[in-house]
Amino acid sequence: MLRSPTSATVTPAARRFFTVFYRHFASTSILCNESKPELDSLLRKSKATRSADYKLNQRGTNFVDTRVIIVESGTGGAGCVSFAREKYRPKGPPSGGNGGAGGNVWVIPTKGETSLHKVPPHIIADDGQTGQGDVMHGRAGQDIVIKVPPGTVVTEIGTREKVIKRGQDMWVHYPNFEDENEASDLLRAAAHRVLLEAPSIVREEEVLSHGNSRERFLAKKIMEAENLKPLGETPKVNLDFSDAGENDDPFPPQLILKGGRGGLGNPFFQTPDIRVPRYATRGAPGTRIRLHLELKTLADIGLVGLPNAGKSTLLRAISNAKPEVAAYAFTTLNPYVGTIPYQNAQKVMTVADIPGLIAGASDNRGLGHSFLRHIERAKVLCMVLDLGGDPWSAYLTLKKELGAYKEGLDKRRQVIVANKADTEGSQAAYAELSKKIRELWEEEMAMLDAQPPVVEFNAAKPGTIAFDRKEAEEMDKFEKALTKLGLDEEVKKPAKKLPWKKVPCPIVIPVCAMKGQGVSRVIEAMGRAVDEEKEAEEVEKRKLKEKEEKEFPMIIQG
Ligand SMILES: Nc1nc2c(ncn2[C@@H]2O[C@H](COP(=O)(O)OP(=O)(O)OP(=O)(O)O)[C@@H](O)[C@H]2O)c(=O)[nH]1
Ligand SMILES: [Mg+2]
């Protein structure tokens, strides 16, 4: 008689076997009931859920758009203490070579790079080599170049540190002469010479002309030359490679960290009085900084929409790009940039597809809204709305999330794609959507008209308070200064300008991206918007330049 396995009769190993066997059997039988397409869709769905989970948990992905790295420049090599020794010349002159300078660190935006995942977390430039006898100078440490994608913003964070490797001692002594050197006045005189001559930018007359303050002057010069500037005073690295991808000229590499200066060999300390200098100096230490790298993809147009609105389908229809499309939310997990030729292929524009936004994305719901950094610099936003859903509330959600990410981003020039025009009731939805969008735009423009006129503060004009122009631009400082001088009542305070400008009413285009219907109108509208925005930017730049030329002719000529 067959008995069902009970806990009394089955060993643990057998129970494990049965469990695995039944599970396998049960799952295959469920799948076998489904037809082939459904099976495929089920499998794809489960794969997608897994990859979305993966992304949500931030575990491994080879697209990285922010990163904090540590960068160290090289330490200078030490100078050498040696004396020439030749046949018939046992006591030759000093012959120690100088140390090589430490390696510098450069950053270069590189076309073709699209992610920061290749940038190593800790970058150390080579140290300079020590000098050698026979006046052989040490080789400079090799520089390091950090390649970043165009559009990267590099900011220094935290405090600078010196890379101290061998204690603080500035001197290298001839073997067994350390104590003797330290005790002699010669070393002190040599220190003075280092201060005076090593920089080779300070002349003795110059030092003397500083009278009583010459010690301070000297100290300052030395600090500069020895690369030992008080670290707090060094301007922090702040680079924005946003223009790097726009024209074809290669962007020049930017020096972000200088290596330490090489030490001086003992011939440097030989004078008519000191014939046998038994000391040389060590190289200056390198510097360690922390950098925050943030990649903001450069595209002319950013596609924004709820998940599943059809953004990727639209990008497929209008460009050669082939982003993944599927009927579930968060198909797109990373930004994807496509190129679209327009005006009979005479011009091209770039369009970035990003993951879908949902209500509360600014509180990190869904995939959060951090990937909005990839459309932050887009000149035009293309809002993709699903006519089959509730396009108006979707539009408001998107605007709210855009505004929460960056003030004014929601008021940027838009092209609105009313997608899925093939669904039922889409016509009525489209008519209502267009009406409401126009009303909202009119309201926003009225706000701009209602804002108080902005008083321009011109520091260069006589009679106004003499701040430097940059300071005056920072409204807060300006206002504070006025209050301090008791002038805030007299001078009309500049009103805070709304952080957006007038834009034409967004055009709403009914589209069926799946079938490619209406997409030519989208390309045309996008092209026109991009051209107009570029032109407006040019005009703005030209105006600013003209204004600067008028205000500061000396600087421009100089
Ligand atoms: N009926 C209809 N379905 C469409 C249309 N355009 C796209 N779809 C479907 O909508 C679904 C989602 O499309 P996607 O392009 O992946 O949407 P998405 O906005 O990129 O989605 P996420 O990447 O998740 O943000 C897919 O199943 C498409 O086939 C359309 O014009 N009509
Ligand atoms: Mg997508």
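Here the residue index of a chain counts from 1 through its sequence in written order. Here every chain gets a letter starting at A, and every ligand a number starting at 1, in the order they are written. The predicted origin of the model limits local features to residues at a pLDDT of at least 70 and limits the giving and counting of side-chain atom pairs to 80 or more, whereas totals for whole chains, interfaces and linings rest on all residues. Side-chain descriptors were evaluated using all non-hydrogen atoms of the structure, hydrogens and water having been removed beforehand.

Draft legend 1. Just the overall build of the protein chain, in detail. A tally of regular secondary structure across the protein chain gives 13 helices and 16 strands. We call two residues in contact when some of their heavy atoms are within 4.5 Å. By sequence separation, contacts in the protein chain at least 24 residues apart represent 74% of the contacts at least 6 residues apart. Working note: accessible area of the protein chain is about 32,600 Å², and carbon and sulfur atoms make up 53% of it. Secondary structure elements follow DSSP: runs of H or I of four or more residues count as helices, runs of E of two or more count as strands, with numbering from the N terminus. A 1.4 Å probe and the Shrake-Rupley method give the accessible areas. Residues count as covered only by the protein chains that appear here.

Draft legend 2. Just the environment of Leu402, in detail. With respect to the element layout, Leu402 can be found in helix H8 (residues 391–405). Taking relative accessible area as the criterion, Leu402 reaches 0% and is therefore assigned buried. Spatially, the C-alpha atoms of Leu402 and Leu357 are 9.3 Å apart, while their sequence positions differ by 45 residues. When near neighbours in sequence (up to four residues on either side) are disregarded, Leu402 contacts Val304, Leu372, Ile375, Leu381, Met383, Leu409 and Asp410. Relative accessibility under 20% of the residue-type maximum defines a buried residue, over 50% an exposed one, and the middle range a partly exposed one, all with a 1.4 Å probe and only protein chains included.

Draft legend 3. The arrangement of the pattern of salt bridges in detail. We define a salt bridge as a contact between a side-chain nitrogen of Lys or Arg and a carboxyl oxygen of Asp or Glu at a distance within 4 Å. Following the criterion strictly, the structure yields 21 salt bridges and no others. For Arg373, the salt bridge goes to Asp65, with nearest N and O atoms at 3.0 Å. Residue Arg373 is located in the loop between strand E13 (347–353) and strand E14 (380–386), and its partner Asp65 is located in the loop between helix H2 (36–56) and strand E1 (66–72); the two are separated by 308 residues in the primary sequence. Judged on exposure class, the residue Arg373 and its partner Asp65 are both buried. A single salt-bridge network, built from bridges that share partners, covers Arg413, Lys501, Glu532 and Glu533.

Draft legend 4. Layout of the packing of H8 against helix H9 (residues 426–450). Here an axis means a line fitted to C-alpha atoms, over the contact stretch when the element is a helix, while the angle between two N-to-C directions is reported on a 0 to 180 degree scale. One way to put it is that H8 packs onto H9 with a least axis distance of 9 Å and a crossing angle of 35°. Side by side, H8 and H9 meet where Pro391, Trp392, Tyr395, Leu396 and Lys399 of the first sit next to Ala429, Leu433, Lys436, Ile437, Leu440 and Glu444 of the second. Amino acids outside the nonpolar list (Ala, Val, Leu, Ile, Met, Phe, Trp, Tyr, Cys, Pro) and the charged list (Asp, Glu, Lys, Arg) are all regarded as polar, and Gly is one of them. A class-by-class count of the residues in the contact of H8 with H9 yields eight nonpolar, no polar and three charged.

Draft legend 5. Main features of the coordination of the magnesium ion (ligand 2). Coordinating donors are taken as N, O and S atoms within 2.8 Å of the metal, stretched to 3.2 Å for Na, K and Ca; because water is absent from the atoms, sites can appear incomplete. For the magnesium ion (ligand 2), the protein coordination sphere consists of Ser312 (OG) and Thr332 (OG1), at 2.0 Å. Of this pair, Ser312 sits in helix H7 (residues 311–318) while Thr332 sits in the loop between H7 and strand E12 (336–342), and the two are 20 residues apart along the sequence. On the basis of relative accessible area, Ser312 is assigned to the buried category, the value being 8%.

Draft legend 6. Region of interest: the sheet that holds E13. Read from one edge of the open sheet, six strands run E12-E13-E11-E14-E15-E16, paired in mixed fashion. Bordering the open sheet on either side are E12 and strand E16 (507–510), each of which pairs with just one other strand. When the angles between neighbouring strand axes are averaged without regard to direction, this sheet yields 25°. Across three bridges, strand E11 (residues 301–305) lies against E13 in parallel orientation. Considered in E13, the bridge of Leu303 is made with Asp353. Along the sheet, H8 contacts E11, E14 and strand E15 (414–419); its crossing angle with E14, the most-contacted strand, is approximately 145°. Running over the sheet, H9 touches E14, E15 and E16 and is turned about 170° from E16. We treat two strands as partners when DSSP finds at least two bridges between them.

Draft legend 7. Structural context of the site of ligand 1. Here, proximity means that at least one heavy atom of the residue falls within 4 Å of the molecule or strand. Near ligand 1 there are 23 residues, and of these Lys311, Ser312, Thr313, Phe330 and Thr332 occur at the shortest range. Gly310 is positioned with one of its backbone polar atoms (N or O) 2.9 Å from an oxygen atom of ligand 1. In this structure, Ala513 approaches ligand 1 through a main-chain N or O atom, which is 3.1 Å from an oxygen atom. When ligand 1 is considered free in solution it has 650 Å² of accessible area, and contact with the protein chains removes 90% of it. Top element by residues in the shell around ligand 1 is H7. It accounts for three residues. Broken down by class, the residue content of the shell around ligand 1 amounts to twelve nonpolar, eight polar and three charged. Polar contacts, as used here, are pairs of N or O atoms within 3.5 Å; protein pairs need one atom able to donate a hydrogen and one able to accept it. Residues neighboring in sequence count only if both atoms are side-chain atoms.

Draft legend 8. Main features of the sheet that holds strand E7 (residues 238–240). The strand order E3-E1-E10-E5-E7 describes an open sheet built from five strands, whose pairing is mixed. Pairing within the sheet leaves two strands with one partner each, and these edge strands are strand E3 (122–124) and E7. The sheet shows a mean angle of 20° between the axes of neighbouring strands, direction not considered. Across nine bridges, strand E5 (residues 152–163) lies against strand E10 (residues 286–295) in antiparallel orientation. Considered in E10, the bridge of Glu156 is made with Leu291.

Draft legend 9. Structural context of the packing of aromatic side chains. For this analysis, a ring pair means two rings from Phe, Tyr or Trp (six-membered ring only for Trp) whose centres lie within 6.5 Å, classed as stacked if their planes differ by under 30 degrees, edge-to-face if by over 60, and tilted for the remaining angles. By the definition in use, this model includes four aromatic pairs. Where Phe83 meets Tyr174, the ring centres are 5.2 Å apart and the plane angle is 80°; that geometry is what we call edge-to-face. Here Tyr174 lies in the loop between strand E6 (171–173) and helix H3 (178–183) and Phe83 lies in the loop between E1 and strand E2 (105–109), a separation of 91 residues in the sequence. Taken together, Phe83, Tyr174 and Phe177 form an aromatic cluster joined through their ring pairs.

Draft legend 10. Representation of the confidence of the model for the protein chain. The predictor attaches a confidence to each residue, called pLDDT, with possible values from 0 through 100. For the protein chain, the mean per-residue pLDDT works out to 77, and 71% of the residues sit at or above 70. Long-range and interchain partners of residues 1–8, a stretch whose pLDDT sits below 50, account for four contacts in this model, where long-range means more than four residues apart. Note on residues 56–60: pLDDT is under 50 here. Beyond four places in sequence and across chains, it has four contacts.

Draft legend 11. Summary view of the side chain of Ser319. With respect to the helices, strands and loops of the structure, Ser319 is situated in the loop between H7 and E12. Relative accessible area serves as the criterion here: at 7%, Ser319 is assigned to the buried category. A polar side-chain atom of Ser319 sits 2.8 Å from the main-chain carbonyl oxygen of Leu315. At a separation of 3.1 Å, a polar atom in the side chain of Ser319 contacts the main-chain amide nitrogen of Ala321. Those residues in contact with Ser319, other than ones at most four positions away along the chain, are Gly338, Thr339 and Ile340.

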